[in-house]
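# Reading the structure
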Amino acid sequence: SRAGSGGAACGGAASEELRRSLAQVHRALQTAAAAAAAQPGVDAVAPCANASGCPKASAISSSPLAEGRRLLAGLLEADVPARLVACIGALDFEARKDAMRLFADLLRHALPLEAGEVLVAYFASHPTIVQLLLEGCGRSRVFAHCAEMLRDC
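Summarised in this report is the structure supplied together with it. Since the model is a prediction, treat every value here as computed from it, not as a measurement.

Turning our eyes to something else, we now look at the nonpolar core. One finds Val85, Phe103, Leu113, Phe123, Ile129, Leu133 and Met149 to be the most contacted residues of the largest nonpolar core, which totals 35 residues. Sorting the residues of this core by element identifies helix H1 (15–38), helix H3 (64–77), helix H4 (80–87), helix H5 (93–109), helix H6 (116–124), helix H7 (128–136) and helix H8 (143–152) as the ones contributing at least two each. Top element by residues in this core is H5. It accounts for seven residues.

Written out as structure tokens, the structure is:
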């Protein structure tokens, strides 16, 4: 399916429900990245120097960096960036804005979450994303959204 065409791969989710979901993921990603950036040098998988200085296992698994990495990995595993681009034309204007913001956040927050290489590998394995964004720039209904997402790349 092409950017702006909608297509069967976009599913039939209600626009308002989709907007709420995109907004929720957007907030979670921003929160995780901000918390990880506020705690530089804290790595969720780093070994402890001594037993008394080690956080509990539950603290490690729920650290902002670990949570942010899991969220980003889940979004990439679910192929969210490619799906957002492929389905952007099927969304209403407000949902397109939310999709555009989430796409930008995925790119912006990968570095604070120390997941830049994972994101680069994802985009390298999905060359159609850039192609769909370029095609979307030729469609007046989705031009602004696709151009912004392309600029963010």
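Interhelical geometry of H4 versus H5 gives an angle of 150° and a closest axis separation of 10 Å. When the interaxial angle is binned, H4 and H5 end up roughly antiparallel. As H4 runs across H5, the sense of the crossing is left-handed. Listed contacts from H5 to Val80, Pro81, Leu84 and Val85 of H4 are Ala99, Leu102, Phe103 and Leu106.

With that settled, consider H8. Listed as buried for H8 are His145, Cys146, Met149 and Asp152. Buried residues along H8 cover an arc of 120° about the axis, so they all sit on one side. Buried residues along H8 sit in contact with H4, H5 and H7.

The tally for this structure, following the rule as stated, stands at seven salt bridges. Across the pair Arg69 and Glu114 runs a salt bridge whose closest N-O atoms are separated by 2.6 Å. Here Arg69, found in helix H3, pairs with Glu114, found in the loop between H5 and H6; they are 45 residues apart in sequence, far enough to count as distant. Each member of the salt-bridge network shares a partner with another, and the members are Arg108, Glu148, Arg151 and Asp152.

Another aspect to go through is the packing of H7 against H8. Relative orientation of the contacting elements H7 and H8 amounts to 140°, with a least axis distance of 8 Å. The handedness of the crossing between H7 and H8 comes out as left-handed. Here Val130, Leu133, Leu134 and Gly136 of H7 lie close against H8, whose contacting residues are Phe143, Cys146, Met149 and Leu150. Counted by class, the contact of H7 with H8 contains seven nonpolar, one polar and no charged residues.

Definitions and limits used
Residues numbered from 1 in each chain as written. Predicted model: local features only at pLDDT ≥ 70, side-chain atom pairs only at ≥ 80, totals over all residues. Heavy atoms only, no water. Core = buried A, V, L, I, M, F, W, Y, C linked by side-chain atoms within 4.5 Å. Buried < 20%, exposed > 50% of the residue type's maximum accessible area, 1.4 Å probe, protein only. Helix = DSSP H or I, 4+ residues; strand = E, 2+ residues; numbered from the N terminus. Axes fitted to C-alpha atoms, helices over the stretch in contact; angles between N-to-C directions. Parallel < 35°, antiparallel > 145°, perpendicular 65-115°, else oblique. Left-handed = near helix turned anticlockwise from the far one by under 90°. Contact = heavy atoms within 4.5 Å. Arc of directions from axis to C-beta. Salt bridge = Lys/Arg side-chain N within 4 Å of Asp/Glu carboxyl O. Nonpolar A, V, L, I, M, F, W, Y, C, P; charged D, E, K, R; others polar.

Any link to function would need more than the numbers given here.
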